[in-house]
Amino acid sequence: MNQMRRKSPFWSLAAPILIYMGVRLAVEVVGILVISFPYLMDASEQLLAQQQTVEQFTQQYWALMEPAMNQVFRYSAEIAGAAALVTIPVNAVFFSRDRKLEKVCGVEVPERAPLRKYWAVVVFGLAVSIAATCFFAMVELAFYSGESQSSTLITYTPPFAVRLLVLGIVVPVAEELMFRGVLFRRFLENRSFWYAAVWSSLFFVLMHQDGAQMVYAMLLGLFLCYVYQKFGSLKAPVVLHVTANCSSLIYTEAGVFRWIGAAPVRMAGAVIIGAFICSVMYVQIQRTGGPVQKEKESDTTNPGDMF
């Protein structure tokens, strides 16, 4: 624990989250309105020219607005990318100020690992994307989820270049700045490592939609915090997150998952081999950098009090 005191511990944690979610929501709403506005004006002209009951009005309105909703769905990745992109400079300001405050307060920061050791992070990202995707695909086959299917359509409908840029790079960078660079580090100022990792990962989970994604996000979030501490730099979780997302998109575009999914044995084998590679890389990462902070015996804080 850093034992760095702020004037308002509650707002030091709540403000970045609220600003992050507020900015994202505002950009998404603007994007939806921009796409929907021409259709809305056309629908208004047609509906106002007719006399009909409320029920007829409602039915015709949604029928006329269906093309607008289809367009919004079509550009959902671009809207999400714009929202994430706008949050990056905002979170970068928080991140920069926090690092300067640490220096002023004399906070001891983890030693940074050299770039040559990042290969283990990259290999872990390449392996975990296969293992996790195949594992949760098997889970979804057993427990079908409509939300999951909707999420998959949103993820893989846009052009590959857009997906790679938005979902593979922009969104991971924005999320790492917020949930590891700002939120995790602020929790860590006066709490133990695992306390900070769990709570920051729970907020990270809220940004994901269906059950399978939420479980994966929680586990990945915890490991991203661990990697951040071991390497002493935000570059490490960013590299891992970007690698995992990009490799998953590339595997899908190349037909790797289609080939694996054609046979249950291949899917099971991919999960086992991927998990084995991840475990080997975990050992390698564990040997990198300084130790992760452990909770002190004198820390008797109520774990339910996140602030």
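Refer to the structure presented above.
One structure accompanies this document, and this report is about it. (Residues numbered from 1 in each chain as written. Predicted model: local features only at pLDDT ≥ 70, side-chain atom pairs only at ≥ 80, totals over all residues. Heavy atoms only, no water.)

Overview of the nonpolar core
So, point 1. If you look at the biggest cluster of nonpolar residues, it comprises 55 residues, and the most contacted ones within it are Leu 183, Phe 184, Phe 193, Val 227, Phe 231 and Ile 285.
So, point 2. Breaking this core down by element, the ones donating at least two residues are helix H1 (9-48), helix H3 (76-105), helix H4 (119-142), helix H6 (160-188), helix H7 (193-205), helix H8 (211-231), helix H9 (235-254) and helix H11 (264-286).
So, point 3. At 12 residues, the largest contribution of residues to this core is made by H6.
So, point 4. Apart from residues no more than four positions distant in its own chain, Phe 184 is found in contact with Phe 179, Phe 193, Ala 196, Ala 197, Ser 200, Cys 225, Tyr 228 and Gln 229.
So, point 5. Of all hydrophobic cores here, the second largest spans 8 residues; its members include Ile 130, Tyr 251, Phe 257 and Ile 260. (Core = buried A, V, L, I, M, F, W, Y, C linked by side-chain atoms within 4.5 Å. Buried < 20%, exposed > 50% of the residue type's maximum accessible area, 1.4 Å probe, protein only. Helix = DSSP H or I, 4+ residues; strand = E, 2+ residues; numbered from the N terminus. Contact = heavy atoms within 4.5 Å.)

A look at the pattern of salt bridges
So, point 1. Applying the stated criterion across every chain yields a total of 6 salt bridges.
So, point 2. For the salt bridge of Asp 98 with Arg 186, the shortest nitrogen-to-oxygen distance reads 2.8 Å. Residue Asp 98 is found in helix H3, and its partner Arg 186 is found in helix H6; the two are separated by 88 residues along the sequence.
So, point 3. According to the relative accessible area criterion, Arg 186 is buried, its value standing at 11%.
So, point 4. One connected set of salt bridges, linked through shared partners, spans Arg 99, Glu 102 and Arg 185. (Salt bridge = Lys/Arg side-chain N within 4 Å of Asp/Glu carboxyl O.)

Some remarks on empty space enclosed by the protein
So, point 1. Counted under the stated rule, the structure contains 1 cavity of 30 Å³ or more.
So, point 2. Taken as a whole, the largest cavity spans an internal volume of roughly 40 Å³.
So, point 3. Lining the largest cavity are Ile 17, Tyr 20, Met 21, Met 178, Phe 179, Phe 203, Leu 206 and Met 207.
So, point 4. Among the elements of the structure, H1 and H6 are those that each provide at least two residues to the lining of the largest cavity.
So, point 5. For the lining of the largest cavity, the element with the highest residue contribution is H1, accounting for 3 residues.
So, point 6. Considered class by class, the residues forming the lining of the largest cavity number 8 nonpolar, no polar and no charged. (1 Å grid on protein atoms, 1.4 Å probe; cavity = no way out; pocket = protein on both sides within 12 Å on 5 of 7 lines; lining within 4 Å. Points joined across faces, edges and corners; volume = space filled by probe spheres on them. Nonpolar A, V, L, I, M, F, W, Y, C, P; charged D, E, K, R; others polar.)

Some thoughts on H3
So, point 1. Counted at 1.5 Å a residue, the expected span for H3 with its 30 residues is 44 Å, and the 43 Å between its end C-alpha atoms agrees.
So, point 2. Remark: the principal bend of H3, roughly 30°, maps to Ile 88, with a proline, Pro 89, within the next four residues. (Expected span 1.5 Å × (residues − 1). Bend = angle between axes of the 7 residues up to and from the residue.)

Observations concerning the environment of Phe 37
So, point 1. With respect to the helices and strands, the residue Phe 37 is situated in helix H1.
So, point 2. It is 8.4 Å that separates the C-alpha atoms of Phe 37 and Ala 68, two residues lying 31 residues apart in sequence.

A look at the packing of H6 against H9
So, point 1. Following both chains from N to C, one finds H6 and H9 inclined at 155°, their axes separated by 9 Å at the closest point. One way to sum up the angle between H6 and H9 is to call them roughly antiparallel. Two packed elements cross with a definite hand, and for H6 against H9 that hand is right-handed. Each of Phe 160, Arg 163, Leu 164, Leu 167, Gly 168, Ile 169, Pro 172, Val 173, Glu 175, Glu 176 and Arg 180 in H6 lies in contact with H9, whose residues at this interface are Pro 237, Val 238, His 241, Val 242, Asn 245, Cys 246, Leu 249, Ile 250 and Glu 253.
So, point 2. Its residues assigned to classes, the contact of H6 with H9 shows 12 nonpolar, 3 polar and 5 charged. (Axes fitted to C-alpha atoms, helices over the stretch in contact; angles between N-to-C directions. Parallel < 35°, antiparallel > 145°, perpendicular 65-115°, else oblique. Left-handed = near helix turned anticlockwise from the far one by under 90°.)

Concerning the packing of aromatic side chains
So, point 1. Summed over all chains, the structure comprises 18 aromatic pairs.
So, point 2. Summarising the aromatic geometry, the rings of Phe 223 and Tyr 226 are spaced 6.0 Å apart at their centres and angled 25° between planes, so their arrangement reads as stacked. You can see Phe 223 and its partner Tyr 226 sitting in helix H8, 3 residues apart, about one turn around the helix.
So, point 3. Given the relative accessible area of 13%, Phe 223 is considered buried.
So, point 4. Classification of Tyr 226 as buried rests on a relative accessible area of 9%. (Phe/Tyr/Trp six-rings, centres within 6.5 Å; stacked < 30°, edge-to-face > 60°.)

Structural notes on the packing of H1 against H3
So, point 1. Two elements in contact, H1 and H3, have axes whose closest approach is 9 Å; the angle formed by their N-to-C orientations is 150°. Compared by their axis directions, H1 and H3 come out roughly antiparallel. Relative to H3, H1 is oriented so that their crossing is right-handed. Judged by residue contacts, Pro 16, Ile 19, Tyr 20, Val 23, Arg 24, Val 27, Glu 28, Gly 31, Ile 32 and Ile 35 of H1 engage Ile 79, Ala 82, Ala 83, Val 86, Thr 87, Val 90, Asn 91 and Phe 94 from H3.

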